[in-house]
Amino acid sequence: MSAMERNCTLLLHGKEATPPNEEEIRELLEDKDVEKKQEAMKTLITLQLNGEPMPKMLMVVIRFIVPSDDHKLKKLLLIYWEVIDKTGPDGKLLPEMILVCNNLRNDLSHPNEYIRGCTLRFLCKLKAPTEVEILEPLIPTIKNNLEHRHAFVRRNAVLAVYSIFKSFEPLIADGPELVEAVLQQEQDASCKRNAFLMLFHCCSERAVAYLSENLEQVAGWGDILQLVVLELIRKIVRANPYEKSRYIRCILTLFASESAAVAYECASVLVALSSSATAIRAAAQSYTQLLSSQSDNNIKLIVLERLQDLKRHHSKVLQEMIMDIIRALGSANLDIRKKTLEIMLDLIVPKNIGEVMQVLKKEVQKTQGEEGEKSSEYRAMLINAIHRSAIRFPESASMVVPVLMDFLGDANQSSAVEVILFVREILETFPHLRESVMKKLLETFPTIHSSRVARVALWLIGEFCVAGEDVAAGFTTLKASLGEPPFVPPAEDEAASNGPAAAPRPEGRPVVLADGTYASVVAADEAAGGDDGTQRLRGLLLGGDFFLATVVATTLTKLALRSREHLPTRAANMVAADVMLILTGLLQLGKAGGAGATIDADSQERLQTYLHLLSSPGEEVQALCLVHCREVFSAMLRERAGQEEAEKPAKDVAPEVHRQADDLISVRQLKGGKSDTAALELDDDDDPVSSAAGAFTGELDFAARLKRVTQLTGLSDPVYAEAYVLVHSYDIMLDVLVINQTQEPMTNLCLELATVGDLKLCERPTAYTLAPGESKHIKANIKVSSTETGIVFGSIVYDAHGSPPPGGGE
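No experiment lies behind these values; they were computed from the predicted model shown.

Peer 1: Kindly report on the nonpolar core, identifying the contributing residues and their values.
Peer 2: W81 and L211 are the most contacted members of the largest nonpolar core, which totals 197 residues. When residues of this core are assigned to their parent elements, the largest contribution, 10 residues, is made by helix α31 (residues 546-563). Aside from chain neighbours lying at most four places away, what touches L211 is F196, V218, W221, V229, L232, I233, I236 and Y247.

Shown next, in the form of structure tokens:
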């Protein structure tokens, strides 16, 4: 086997310059300068790894490099022995290897412990059948090194015995006995770990006997040895469950270890071996301690995943530790916070909802003065968690709703929308909270500066301000936010009547931007903008948001109709007249187009409709506005709740059986080169490439197929293309749909694909001719040779007739 075909155990940096030839390397090796010899050895090793055998250099190295005592040359020499071909064309060991074997024997007896240890480490890499002739004369020297005074030598000697026993057991049949003797007398932690590891893999009976004798001393061993002990305990208990009680006591004592790795492994082993509440509680406590003590975000994510696995089967135990888990919210990483909130939401019960809500309330208040994208996203996550918790436990809503409503004026629109939708659902679902929530909503309404949030808030004011005092408070709040009509300033009104010549000229001044360039800033009339903190609603209307204007009209109309239930007829008519004056002002604003946009026909029609309703209100109109709207909203909430309940996975349903006991087992390696269709439908067991590439099992429904569709071109392009991606085993199948969206035929339309990485295009798609409006499915097959990331890209080329230039489009 050549050096190019063997597994590479080292990586060397090669220079881009032309390497020296064989004669030049020979001269450098024969030179007396040690540094030149080192450079020559590095070059020779690099050439060997690149497939240049240079067999004549072997004797040169033996003559001029082997006698050297330089430690760096010794290390390079061991690497050279590793990469060269040790056999001839006939497959037998080269005669020169006898000299190499003699050199290795001398190094194994060298007075310097570093050379001994490196040589023993090199012997661990000799595993080919032909290399047994090299190892056989070295066995007595290797055994002697097991008793060397230096731990570095003993550590590598144990590894050498382990490797030789595993690959060539007859050479050192008494290896487990020798290593057990070393283990009994050894004091160095790394040596004991290597010795115990060999017994664990090669002679587990001796490892179990040693562990049984020293079970009480395990807590005082080093962490690297404790990890191997835990793995052995897992193996023992799985083979003999009756030994569980004996070893679980040992595991519980290891929880006090100062090593985080040991504590984590203890929890994992305990969960795997026992399902008792005491064991699960101890494992969960270990996980929560790691969650709070470790600063590495990757460790926290791994621990949270383990807690998520525990939650599926032992949620009652974790419910007691929910406050310890919530401490992970103190991390600045959004992924950790998101996963923590997901676990927390599934562990909330009436017993701990109060404490959880208090923590979430404090976290929301912390983000109130913070700015930035991460802070806004975290605030949105907290609001969503509070929303879902309050819906499940209504008694907790009263403590958090007032705090959340302070975020209605948040600069992050998603957070404000989440809050207002939460408030809307709370008002409909929990009538006892309406009075306090509506009072808070009217107080915070002037701070809202998002049009979407303002629309929902206006609808709530129109629907839930029912009592006389609430109606009056709603009117007062809206009139203060709208300001006094007219909404079109007199200057603009006069300018609109006299023509565009009377329009005021904006004044500007130059400013220096951050990149050093100049820009002009136009001074706008702030009075017209109405953004003084109390008339933000007026500012949005003057900005040309006429959809918001229709919502304002709807709310004012509902309040005017409700006022007839609490006021005399004369006073109610005055309220209606006041509302009609505001609606007329909104119509004038839309026709004036002061903000650069005129009112659309739909908004104008709705404003005029509300004017007619207020001028001649009837019972049917009042029932439509004041009763039917609320009924439709209630029906929508019931339907959504039923849909969410139906989508929840049933907990008591028996798990689905994916395979039956008598199903056919499909072994991919035993399949022929050409597999038939029936064979392709079988599932491949333990296929890591398919799993890594996102393969699926079973048939996909229409919704699942849509998720695998990727749009390749725009909807307005001459050729619309989308690809359906299907991964099966080592194949990626692309089904590309192309549609000719022009009025001209397209000839020689071809999908040209190219790949980057370990992907190979099996065959190139053929060319087609598409008539106007015609569609075609083009299929391509791509072979995957590894799980490394690859890229598939391409273009669509066609010959167009008419206006497009020759050469096709893309």
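Additional details are given in the paragraphs that follow.
Peer 1: An account of the packing of helix α14 (residues 244-254) against helix α15 (residues 260-273) is needed here, citing residue identities and associated values.
Peer 2: Orientation of α14 relative to α15, taken along the N-to-C sense of each, is 155 degrees, at an axis distance of 9 Å. Between α14 and α15, the angle is such that the two are roughly antiparallel. When you trace α14 past α15, the crossing you get is left-handed. Residues K244, I248, I251, L252 and L254 of α14 touch α15, and the partners they reach there are V262, C266, V269, L270 and L273. Split by residue class, the contact of α14 with α15 holds nine nonpolar, no polar and one charged.

Peer 1: Kindly report on the pattern of salt bridges, identifying the contributing residues and their values.
Peer 2: Counted under the stated rule, the structure contains 21 salt bridges. A salt bridge links E82 to K125; its shortest N-O distance comes to 3.5 Å. One end of the pair, E82, is in helix α4 (residues 71-83); the other, K125, is in the loop between α6 (113-123) and α7 (132-135), with 43 residues separating them in the sequence. When its relative accessible area of 40% is taken as the criterion, K125 is described as partly exposed. A salt bridge links E320 to R281; the shortest N-O distance between them is 3.3 Å. Taken together, the residues span a long stretch of sequence, with E320 in the loop between α18 (315-319) and α19 (322-326) and R281 in helix α16 (residues 277-293) at a distance of 39 residues. Looking at E320, the relative accessible area reads 53%, which means it is exposed. Under the relative-accessibility criterion, R281 is labelled partly exposed at 26%. Each of E177, E180 and R206 takes part in a single network of salt bridges with overlapping partners.

Peer 1: Outline helix α5 (residues 97-108), supporting the account with residue identities and numerical values.
Peer 2: Each α-helix turn comprises 3.6 residues. Residues three or four places apart therefore point the same way. Here α5 is 12 residues long and its end C-alpha atoms lie 16 Å apart, about the 16 Å a rise of 1.5 Å per residue gives. Every buried residue belonging to α5 is among M97, V100, C101, N103, L104, D107 and L108, and all of these are buried. The arc enclosing the buried residues of α5, seen along the axis, measures out at 160 degrees, which places them on a common side. Looking at the buried residues of α5, the elements they touch are α3 (57-64), α4, α6, α7 and α8 (139-145).

Peer 1: Would you mind going over unusual backbone geometry in detail, with residue names and values included?
Peer 2: Despite not being glycine, N748 shows a phi value in the positive range, around 55 degrees. Looking at where N748 falls in the secondary structure, it is placed in strand β6 (residues 746-756).

Peer 1: Quick one: what's the story with the sheet that holds strand β4 (residues 719-728), residue by residue and with numbers?
Peer 2: Overall, antiparallel pairing links the five strands, which are arranged β3-β4-β5-β9-β7 in an open sheet. Only two strands of the sheet have a single partner each, and these edge strands are β3 (709-711) and β7 (759-761). Strand-to-strand twist across the sheet, computed as the mean angle between neighbouring axes with direction ignored, equals 30 degrees. Inspection of the sheet shows strand β5 (residues 731-740) paired to strand β9 (residues 775-784) by nine bridges, in the antiparallel sense. Across the sheet, the residue bridging to D731 is K783, located in β9.

Calculation rules
- Residues numbered from 1 in each chain as written.
- Predicted model: local features only at pLDDT ≥ 70, side-chain atom pairs only at ≥ 80, totals over all residues.
- Heavy atoms only, no water.
- Core = buried A, V, L, I, M, F, W, Y, C linked by side-chain atoms within 4.5 Å.
- Buried < 20%, exposed > 50% of the residue type's maximum accessible area, 1.4 Å probe, protein only.
- Helix = DSSP H or I, 4+ residues; strand = E, 2+ residues; numbered from the N terminus.
- Contact = heavy atoms within 4.5 Å.
- Axes fitted to C-alpha atoms, helices over the stretch in contact; angles between N-to-C directions.
- Parallel < 35°, antiparallel > 145°, perpendicular 65-115°, else oblique.
- Left-handed = near helix turned anticlockwise from the far one by under 90°.
- Nonpolar A, V, L, I, M, F, W, Y, C, P; charged D, E, K, R; others polar.
- Salt bridge = Lys/Arg side-chain N within 4 Å of Asp/Glu carboxyl O.
- Expected span 1.5 Å × (residues − 1).
- Arc of directions from axis to C-beta.
- Pairing = 2+ DSSP bridges.

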